[in-house]
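# Breakdown of the fold
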Amino acid sequence: MSKLNGTIFMPPVLTLIGIPGLESVQFWIGIPFCAMYIIALFGNSLLLVIIKSERSLHEPMYLFLAMLGVTDIALSTCILPKMLGIFWFHLPDIYFDACLFQMWLIHTFQSIESGILLAMALDRYVAICDPLRHASIFTHKLLTQIGVGVTLRAALLVAPCLILIKCRLKHFRTTVVSHSYCEHMAIVKLAAEDIRVNKIYGLFVAFTILGFDIIFITLSYILIFITVFNLPQREARLKAFNTCIAHICVFLEFYLLGFFSFFTHRFGFHIPPYIHILLSNLYLLVPPLLNPIVYGVKTKQIRDRVSKVFHSKDSS
């Protein structure tokens, strides 16, 4: 690692400091974060086991939910082990290339989750607005294509963020990252060179993926609500609306946390740094924690299957 004019040329190692301003209490912050991670792993794993073992749940809505569960497990696993290493064992160092790889994984899984939420909204739109064609449209072949499509979209659009950092940014003012994981802008801001291209492309990816998904998810639910409110029978309206409640809760939880974290990180100059970092951490940890709980509570088939599993254990 060489220095030139006070800058560091291509540092091999970066240092993640965790939550700036809260270093003295990071050990205690790690306890609820670890609990959230364990609950998220257990909840999503249980959801996957139930969907796999119950043939009646091999329908598009539940298969999308299984995709969401896998993504949530992968996303939280990308950050928690290293974060707890910083908080509990004072292991802040990370190889530069490993940091870029973690950044790519995190943003890729975030984008995949957004794509799955869009697919779930479209599935509910067809199921409610055109129920007779639902089975013929959402075939297992289409579900596979959607899964591959959202994964490739995320991986290919996020990859240039990694490439632009690796190829364009050679000189860094510091190797200390004021974050608890490798986030795109947190790494880019370390550079001593012009970072406009990196910032513009980061915004382009955010608005291309999240902006596109939010627009079509919102349109889907507007059309769903119009159809539901036009149903003649009150029971039919309640049943149709109830199938969407869990999806709406997960949609709001994911995007509200995401946008609040996104805009405070870029434009909240008067907000203390630890607020930025805590919001970023919660944005990645809360959805994997809440998603299986929301779907377990609001979806009768899953709720019945979970109670059946635990009652059978009690009786044995």
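Quantities reported herein were computed from a predicted structural model and do not represent experimental measurements. (Residues numbered from 1 in each chain as written. Predicted model: local features only at pLDDT ≥ 70, side-chain atom pairs only at ≥ 80, totals over all residues. Heavy atoms only, no water.)

## So, the overall build of the protein
Of the regular secondary structure elements, the protein holds 10 helices and six strands. The C-alpha extent of the protein, read off along each of the three principal axes, is 75 × 45 × 35 Å. Burial status across the protein gives 49% buried among its 316 residues. Sequence-distant contacts in the protein: of pairs separated by 6 or more residues, those separated by 24 or more amount to 79%. Summed over all atoms, the accessible surface of the protein reaches about 15,700 Å², with 71% contributed by carbon and sulfur. (Helix = DSSP H or I, 4+ residues; strand = E, 2+ residues; numbered from the N terminus. Buried < 20%, exposed > 50% of the residue type's maximum accessible area, 1.4 Å probe, protein only. Contact = heavy atoms within 4.5 Å. Areas by Shrake-Rupley, 256 points an atom, 1.4 Å probe, with all protein chains shown as cover.)

## Overview of the nonpolar core
In this structure, Phe 33, Leu 68, Ile 79, Leu 117, Ile 165, Ile 217 and Tyr 255 are the most contacted members of the largest nonpolar core, which totals 90 residues. Broken down by element, the residue count for this core peaks at 15 residues, all from helix H3 (residues 96-129). If near-sequence neighbours (up to four positions away) are discounted, Phe 33 is found in contact with Leu 80, Met 83, Phe 87, Leu 278, Asn 281, Leu 282 and Leu 285. (Core = buried A, V, L, I, M, F, W, Y, C linked by side-chain atoms within 4.5 Å.)

## As for the pairing of strand E3 (residues 13-16)
In the sheet, E3 pairs with strand E4 (residues 93-95) via three bridges, with the strands oriented antiparallel. Bridge assignment links Thr 15 to a residue of E4, and that residue is Asp 93. (Pairing = 2+ DSSP bridges.)

## A closer look at the state of the cysteines
For the coordinates displayed, the defined rule picks out one disulfide. For the unlinked cysteine Cys 78, the closest cysteine sulfur is that of Cys 182, found at 11 Å. Overall, Cys 78 belongs to the buried group, its relative accessible area being 15%. Here Cys 129 stays unpaired: no disulfide links it, and the sulfur of Cys 244, its closest cysteine neighbor, is 8.7 Å away. With relative accessibility at 26%, the residue Cys 129 sits in the partly exposed group. (Disulfide = S-S within 2.5 Å.)

## Describing the sheet that holds E3
The sheet built from three strands is open, its strands ordered E4-E3-E6 with mixed pairing. Among the strands making up the open sheet, the edge pair consists of E4 and strand E6 (176-177). Against the sheet, H3 makes contact with E3 and E4, and its axis sits at roughly 85° relative to E4, the strand it touches most. (Axes fitted to C-alpha atoms, helices over the stretch in contact; angles between N-to-C directions.)

## Considerations on the UniProt feature "transmembrane region" (unreviewed entry) in the protein
UniProt records the feature "transmembrane region" (unreviewed entry) at residues 27-50, 62-89, 101-122, 142-165, 200-228, 240-262 and 274-297, using the numbering of this structure. Helix makes up 100% of residues 200-228 and strand 0%. Its end C-alpha atoms lie 41 Å apart. (UniProt positions renumbered as here; feature names shortened; annotations may be inferred.)

## Considering empty space enclosed by the protein
By the definition in use, this model includes two cavities of 30 Å³ or more. What the largest cavity holds in volume is close to 460 Å³. Looking at the largest cavity, it is lined by 22 residues, and the ones nearest its centre are His 107, Gln 110, Ala 206, Leu 210 and Phe 262. Secondary-structure elements contributing two or more residues to the lining of the largest cavity are H3, helix H5 (140-168), helix H7 (196-229), helix H8 (234-267) and helix H9 (273-298). (1 Å grid on protein atoms, 1.4 Å probe; cavity = no way out; pocket = protein on both sides within 12 Å on 5 of 7 lines; lining within 4 Å. Points joined across faces, edges and corners; volume = space filled by probe spheres on them.)

## Some words on the side chain of Glu 183
In this fold, Glu 183 is placed in the loop between E6 and helix H6 (184-188). Polar side-chain contacts of Glu 183 include one of 3.0 Å to the backbone nitrogen of Met 185. (Polar contact = N/O pair within 3.5 Å; in protein donor to acceptor, adjacent residues only side chain to side chain.)

## Considerations on the packing of H3 against H7
Where H3 meets H7, the closest approach of the two axes is 9 Å, and the angle between their N-to-C directions is 20°. Relative to H7, the element H3 is oriented roughly parallel. Crossing angle aside, the handedness with which H3 passes H7 is left-handed. Between H3 and H7, the residues in contact are Ser 111, Ser 114, Gly 115, Leu 117, Leu 118, Ala 121, Leu 122, Arg 124, Tyr 125, Ile 128 and Cys 129 and Ile 209, Leu 210, Phe 212, Asp 213, Phe 216, Ile 217, Ser 220, Tyr 221, Leu 223, Ile 224, Thr 227 and Val 228, respectively. A breakdown of the residues in the contact of H3 with H7 according to their chemical character gives 16 nonpolar, five polar and two charged. (Parallel < 35°, antiparallel > 145°, perpendicular 65-115°, else oblique. Left-handed = near helix turned anticlockwise from the far one by under 90°. Nonpolar A, V, L, I, M, F, W, Y, C, P; charged D, E, K, R; others polar.)

## Here we look at a nonpolar patch on the surface
Nonpolar side chains collect at one region of the surface, where Phe 212, Ile 215, Phe 216, Leu 219, Ile 222, Leu 223 and Ile 226 lie side by side and expose about 630 Å² of accessible area between them. Examined against the element boundaries, Phe 212 turns out to sit in helix H7. Its relative accessible area of 39% is what places Phe 212 among the partly exposed residues. (Patch = residues over 30% accessible without salt bridge, like charges linked within 9 Å, V, L, I, M, F, W, Y side chains within 5 Å. Salt bridge = Lys/Arg side-chain N within 4 Å of Asp/Glu carboxyl O.)

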